[in-house]
Structures are given as C-alpha cells and as structure tokens.
Amino acid sequence: MNDFLRIVLPVLAIAGCLALLNRLIRSVARLGVAWMESTAAAGLAEVSERRGDITGLMERRESEQGIRRNRRKEVVFAAGYLLLLLVPPLTGVAREVYAAGALLWVLPKRRIVLPATLRPPTQR
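Rules and cut-offs
Residues numbered from 1 in each chain as written. Predicted model: local features only at pLDDT ≥ 70, side-chain atom pairs only at ≥ 80, totals over all residues. Heavy atoms only, no water. Core = buried A, V, L, I, M, F, W, Y, C linked by side-chain atoms within 4.5 Å. Buried < 20%, exposed > 50% of the residue type's maximum accessible area, 1.4 Å probe, protein only. Helix = DSSP H or I, 4+ residues; strand = E, 2+ residues; numbered from the N terminus. Contact = heavy atoms within 4.5 Å. Arc of directions from axis to C-beta. Phe/Tyr/Trp six-rings, centres within 6.5 Å; stacked < 30°, edge-to-face > 60°. Polar contact = N/O pair within 3.5 Å; in protein donor to acceptor, adjacent residues only side chain to side chain.

Engineer: Any chance you could break down the nonpolar core for me, citing the residues and the numbers?
Structural biologist: A13, A19, L20, L24, A78, Y81, L85, A94, Y98 and L104 together form the largest nonpolar core, which totals 10 residues. Within the residue set of this core, elements represented by two or more residues are helix 1 (2–51), helix 2 (54–91) and helix 3 (94–101). Top element by residues in this core is helix 1. It accounts for four residues. Beyond its immediate sequence surroundings of up to four residues, A78 is in contact with L24, S27 and V28.

Printed below as a string of structure tokens:
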C-alpha cells in the first residue's frame with residue numbers, strides 16, 4: 001500500500017496542479033470578459049443618458065451592477081485558485097493539496113460566454 005501511494009500521489013499532485021492552473025486561467029479569462037462587458041455597459045448607459053432614455057439608462061445600470069457582482073465573484077475565485085497554488089509549497093503540504101485538486105478535473109466547469117454586446121454581429 002505504501003508503494004502504491006508513493007507512485008500515485010505524485011501523479012495526482014501533478015494532475016491537481018494542472019487542474020488548479022486551468023481553473024485559474026479560466027477564471028482570469030472570465031474576469032477579462034466581465035471587465036470588457038462592464039466597459040461596454042457603462043458606455044451604453046452613457047449613450048442612454050445623453051439621449052434622455054431613462055428606461056434604457058436604468059436597465060443598463062442594473063446590468064452594470066450585475067456585471068460588477070460577477071466580476072467580484074471572479075476575483076474571489078481567481079484569488080482562491082492562486083492561493084491554492086502558492087501557499088501549499090510554503091507549508092509543506094503541496095503534494096496532498098494538489099492531489100486533492102485533481103478532483104477539479106471531474107467537477108463541471110462554468111463556460112466562458114461572451115455577452116451579446118461583445119459578440120460580432122453575425123453571432124447575435
């Protein structure tokens with residue numbers, strides 16, 4: 001049993017480290033999309049304000065608040081993945097934590113979806 005763990009644990013640790021890196025990259029990508037979406041929504045709200053379209057302005061401001069909420073959530077996820085990558089080697093439990101991180105390959109991933117305001121006109 002001890003030989004089995006000595007062989008399997010490093011393999012799982014490598015898989016877990018790669019899974020954490022994958023999730024970190026996806027989270028940062030989602031953060032970038034949310035930032036672009038927030039910029040677009042702010043610009044659209046400004047246009048609605050200049051036109052005097054109060055309803056459109058309020059809808060876009062609500063949309064902007066939801067985007068900001070999602071952006072904060074992605075910052076938390078990205079920070080969590082980054083901490084899971086950086087802290088375990090400093091504490092001496094890297095192999096065990098990274099081996100547990102291999103389970104991330106099994107868990108479902110959230111898709112990175114471009115909002116309608118950022119998609120090219122042919123994909124809307």
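Engineer: Any details on helix 3? Residues and values, ideally.
Structural biologist: Among the residues of helix 3, A94, Y98, A99 and G101 are the ones counted as buried. Looking straight down helix 3, one finds that the buried residues subtend no more than 155 degrees of arc, so they occupy a single side. On its buried side, helix 3 packs onto helix 1 and helix 2.

Engineer: Lay out the packing of aromatic side chains with the relevant residues and their values.
Structural biologist: Across all of its chains, the model carries one aromatic pair by this definition. Between the aromatic rings of F77 and Y81, the centroid separation amounts to 6.4 Å while the plane-to-plane angle is 20 degrees, which identifies the pairing as stacked. In this pair, F77 and Y81 are both assigned in helix 2, four residues apart and thus about one turn of the helix distant. Judged by relative accessible area, F77 falls into the partly exposed class, the value being 36%.

Engineer: Tell me what's going on with the side chain of S38, and back it up with residues and numbers.
Structural biologist: Checked against the element boundaries, S38 lands in helix 1. Within the local environment of S38, its side chain forms a polar contact with the side chain of R71, the two groups lying 3.3 Å apart. Apart from the residues within four sequence positions on either side, S38 is in contact with E64, I67 and R71.

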